[in-house]
Protein chains: 2
Amino acid sequence: MASDRKRQIIEAAAQSFAAFGYKATTMEQIAKLANVGKGTIYTFFKSKEELLDEIVSGLIVEIKAEAELAMDPSLPFFENVHRALYRILEFRQRHQLTAKLLQEVRNIGTAAVQEVLAKLDRAMVEFIRQKIDAAVEKGEIRPCNSEITAFLMLKTYIALIVDWEKDHEPLTKEQIAELFALYFLQGLSK
Amino acid sequence: MASDRKRQIIEAAAQSFAAFGYKATTMEQIAKLANVGKGTIYTFFKSKEELLDEIVSGLIVEIKAEAELAMDPSLPFFENVHRALYRILEFRQRHQLTAKLLQEVRNIGTAAVQEVLAKLDRAMVEFIRQKIDAAVEKGEIRPCNSEITAFLMLKTYIALIVDWEKDHEPLTKEQIAELFALYFLQGLSK
DNA sequence: AATTGACCATATGGACAATTTGGTCATTTG
DNA sequence: CAAATGACCAAATTGTCCATATGGTCAATT
C-alpha cells in the first residue's frame, strides 16, 4: 500500500532525525531504515526539507492533542492554559526529536531546522490564541490582543522553564503556575 | 600617565570591537590605534577577554546611568520601569558596540562575547530588581520575588521589541507601555 | 620601572583533492 | 504500465596540507 510506504519513510526519518539530527541524517540512511529505495522517498516528498516539514506538521498535531489532553473543561481558564503551556514546554524539551532539533539549532544553526521550529512556535502561539479568544468570548477574561498575549505567554514559559535554569535552580511546576497567575491572571481577570 | 594609556587602550579596543567585532579585532590593531606597543596592553590586561570584560563593565555603568536618566522620581513606579527598560533595550540595539556584539553572537557565537553579554543581561536584571525592591519597600507595589520579576520584565521587553519584529510590524513605545501595564502593573498593584 | 616589538606556539584560513550527499531519471519490476 | 529503484551527477562537504596570522611572552630598551 502506498500510504504505508509513506508512513514507513516518515517513521524512519523521524527516528533518524531524533537520533542523529537533521543535517547528520542522509537520505540513504532513511531509505535503508525504511526498506525502500532512495528514489522512492522522492515520489512522496519533494525534498529532504519537505520531509522534515511533514514530520513537524505531524508533531504539531501531536503536541496540540497532548495539550488538549492536559486541559480539563471543568477547570478555570488560567489553570488550563497553565497546564497546556507546561505540557507543551515539557514535550519540547523531553521529546527526543524536538530536543535534538533544538540542540541542532543552538549548536550549528541549520537553517531548515530553524524554520521548522519557528513554525512549531507559531502553531503553539496560535493554539493558545484560540483558547484566549474562547475565554474572552465566554467572558472569563478581559478582552485583549489575543495574539500578543499568546505570544508573551509562550515566551514567558520558555523564559521560566528554559532560560531561568541557565543561572538558577529550576522552578517547580507549582511555582511556575503561581508566577503565571500573579502576572497574567491578575492582569487580565475582571 | 599610566591611567591615560589604559584609557587610550580601552578607547581603541572599544572602537575596533564596535567596528569589526571582537573576533575580527587583533591586539596589534588595538595597539596601533592606541599608539602603544602590543606588550603595553598586557601590562594593563591579562588577556583579550579581560579587555573586553572591562569595556563591557564600563558599558554597564553607562547603561545604568542612561536608564537612571530616563526615570523621573515624580512619576509612578511602573512608568519609570517602563522608561528604564525601554531605554536599556534601545541602547542595546542602537549602540554600535552592543549591536555588533549581539550580531557576532548570532552569527558566529563567539564564546567570550556570549559570556560578556550574559553578564550585561544579569546586570540589567539586577538593576531592575533594585528598583522593584525599592518600590516594594515604599509600598508602591505588592511584595514579590524581585529577581524573578525583574528577569521576566527584561525577557518581556526583549520579546516585545526584538522577537515580535521577526514576524510582525514593530510595536510603538506607547503600545509596549500599555502591554507592560496590562500584564505586570495590574498583576502587581494593590 | 615602564615600555616595547621581535619572537614563539598555536590557531586560523585558503587551496585543492577526495568524499559525501541531495536529487534525478532511465531502467526494472510486479 | 505505474510504481519502485539504484546508478549516476552536480554541488556541497570534509579532509589535508601549508602559509599566514594571532594571542601572548619576555629579554632588551628607554
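Residues numbered from 1 in each chain as written. Chains lettered and ligands numbered in written order. Predicted model: local features only at pLDDT ≥ 70, side-chain atom pairs only at ≥ 80, totals over all residues. Heavy atoms only, no water.

- In the annotation of an unreviewed UniProt entry, the entry for chain A reads TetR/AcrR family transcriptional regulator, and the organism field reads Geobacillus jurassicus.

**What to know about the protein's contact with DNA strand D**
No. 1: Taken together, the neighbourhood of DNA strand D is formed by 13 residues, with R5 and T40 of chain A together with M27, K38 and K48 of chain B sitting nearest.
No. 2: Of all atoms in DNA strand D that approach within 4 Å of the protein, 66% are sugar or phosphate atoms.
No. 3: Side-chain polar atom of R5 of chain A to a phosphate oxygen of DNA strand D: 3.2 Å apart, as the coordinates give it.
No. 4: Residue T40 of chain A places a side-chain N or O atom 2.4 Å away from a phosphate oxygen belonging to DNA strand D. (Near = heavy atom within 4 Å. Polar contact = N/O pair within 3.5 Å; in protein donor to acceptor, adjacent residues only side chain to side chain.)

**Points about the protein's contact with DNA strand C**
No. 1: Near DNA strand C there are 13 residues, and of these M27, K38 and K48 of chain A together with R5 and T40 of chain B occur at the shortest range.
No. 2: With respect to DNA strand C, the backbone of T25 of chain A contributes an N or O atom lying 3.2 Å from a phosphate oxygen.
No. 3: Here a phosphate oxygen of DNA strand C sits 3.1 Å away from a polar atom, N or O, in the main chain of G37 of chain B.
No. 4: Of all the elements in the fold, those that place two or more residues in the surface near DNA strand C are α3 (38-44) of chain A together with α3 (38-44) of chain B.
No. 5: Here the element with the most residues in the surface near DNA strand C is α3 of chain B; it accounts for 3 residues. (Helix = DSSP H or I, 4+ residues; strand = E, 2+ residues; numbered from the N terminus.)

**Let's talk about the UniProt feature "DNA-binding region" (unreviewed entry) in chain A**
No. 1: Mapped onto the present numbering, the UniProt feature "DNA-binding region" (unreviewed entry) falls at residues 26-45 of chain A.
No. 2: For residues 26-45 of chain A, the end-to-end C-alpha separation is 14 Å, with 75% helix and 0% strand making up the annotated structure. (UniProt positions renumbered as here; feature names shortened; annotations may be inferred.)

**What to know about the layout of surface pockets**
Residues and elements named next belong to chain A.
No. 1: Counted as a void, the second largest pocket has a volume near 320 Å³.
No. 2: Lining the second largest pocket we find 16 residues, and of these R7, I10, E11, A14 and I55 sit closest to its centre.
No. 3: Of all the secondary structure elements, the ones that give two or more residues to the lining of the second largest pocket are α1 (2-20), α4 (48-70) and α6 (96-107).
No. 4: Sort the elements by how many residues they give to the lining of the second largest pocket and α1 lands first, with 8 residues.
No. 5: In terms of residue class, the lining of the second largest pocket is made up of 6 nonpolar, 5 polar and 5 charged.
No. 6: Domain assignment of the residues forming the lining of the second largest pocket places at least three in each of domain 1 (1-45) and domain 2 (56-188). (1 Å grid on protein atoms, 1.4 Å probe; cavity = no way out; pocket = protein on both sides within 12 Å on 5 of 7 lines; lining within 4 Å. Points joined across faces, edges and corners; volume = space filled by probe spheres on them. Nonpolar A, V, L, I, M, F, W, Y, C, P; charged D, E, K, R; others polar. Domains from an automatic or database assignment.)

**Some details on the packing of helix α4 (residues 48-70) of chain B against helix α7 (residues 111-137) of chain B**
Residues and elements named next belong to chain B.
No. 1: The interhelical angle for the contact between α4 and α7, taken along N-to-C directions, is 30°, at an axis separation of 10 Å. Viewed along their axes, α4 and α7 adopt a mutual orientation that is roughly parallel. Crossing handedness for the pair α4 and α7: right-handed. For the pair α4 and α7, the contacting residues are E49, L52, D53, V56, S57, I60, I63, K64, A67 and E68 in the first and A112, V113, E115, V116, K119, L120, A123, M124, F127 and K131 in the second.
No. 2: Partitioned by chemical class, the residues of the contact of α4 with α7 number 12 nonpolar, 1 polar and 7 charged. (Axes fitted to C-alpha atoms, helices over the stretch in contact; angles between N-to-C directions. Parallel < 35°, antiparallel > 145°, perpendicular 65-115°, else oblique. Left-handed = near helix turned anticlockwise from the far one by under 90°. Contact = heavy atoms within 4.5 Å.)

**Quick notes on the side chain of K48 of chain A**
Residue and element names in this part refer to chain A.
No. 1: Along the polypeptide, K48 turns up in helix α4.
No. 2: Lacking a salt bridge, the buried K48 has E104 as its closest oppositely charged neighbour, with an N-O distance of 7.2 Å.
No. 3: A polar side-chain atom of K48 sits 2.8 Å from the main-chain carbonyl oxygen of T25.
No. 4: The contacts of K48, once residues within four sequence positions are left out, are F17, Y22, K23, T25 and M27. (Buried < 20%, exposed > 50% of the residue type's maximum accessible area, 1.4 Å probe, protein only. Lys, Arg positive; Asp, Glu negative; His and termini not counted. Salt bridge = Lys/Arg side-chain N within 4 Å of Asp/Glu carboxyl O.)

**Structural notes on the confidence of the model for chain A**
No. 1: Scored by pLDDT, chain A comes out at a mean of 95, with 96% of its residues at no less than 70.
No. 2: Predicted confidence in chain A is weakest over helix α9 (residues 173-188) of chain A, with a mean pLDDT of 87, and strongest over α4 of chain A, with 98. (pLDDT = per-residue confidence, 0-100.)

**Quick notes on the relation of the copies chain B and chain A**
No. 1: For the pair chain B and chain A, the superposition axis carries a translation of 0.0 Å, the fit reaches an RMSD of 0.1 Å, and the rotation angle comes to 179°. When the rotation and shift are considered jointly, the pair of chain copies conforms to a two-fold rotation axis.
No. 2: When the interface residues of chain B are mapped onto chain A, 100% of them again fall at the interface, so both copies present the same face. (Least-squares fit on C-alpha atoms with pLDDT ≥ 70 in both.)

**Observations regarding the packing of helix α5 (residues 77-94) of chain A against helix α8 (residues 146-167) of chain A**
All names here are of chain A.
No. 1: Two numbers describe how α5 lies on α8: the axes approach to 10 Å, and their chain directions differ by 55°. Compared by their axis directions, α5 and α8 come out oblique. Crossing of α5 over α8 shows right-handed handedness. In contact with F78, V81, H82, L85, Y86, L89, R92 and Q93 of α5, α8 contributes M153, L154, Y157, I158, I161 and V162.
No. 2: Looking at side-chain class alone, the contact of α5 with α8 contains 11 nonpolar, 2 polar and 1 charged residues.

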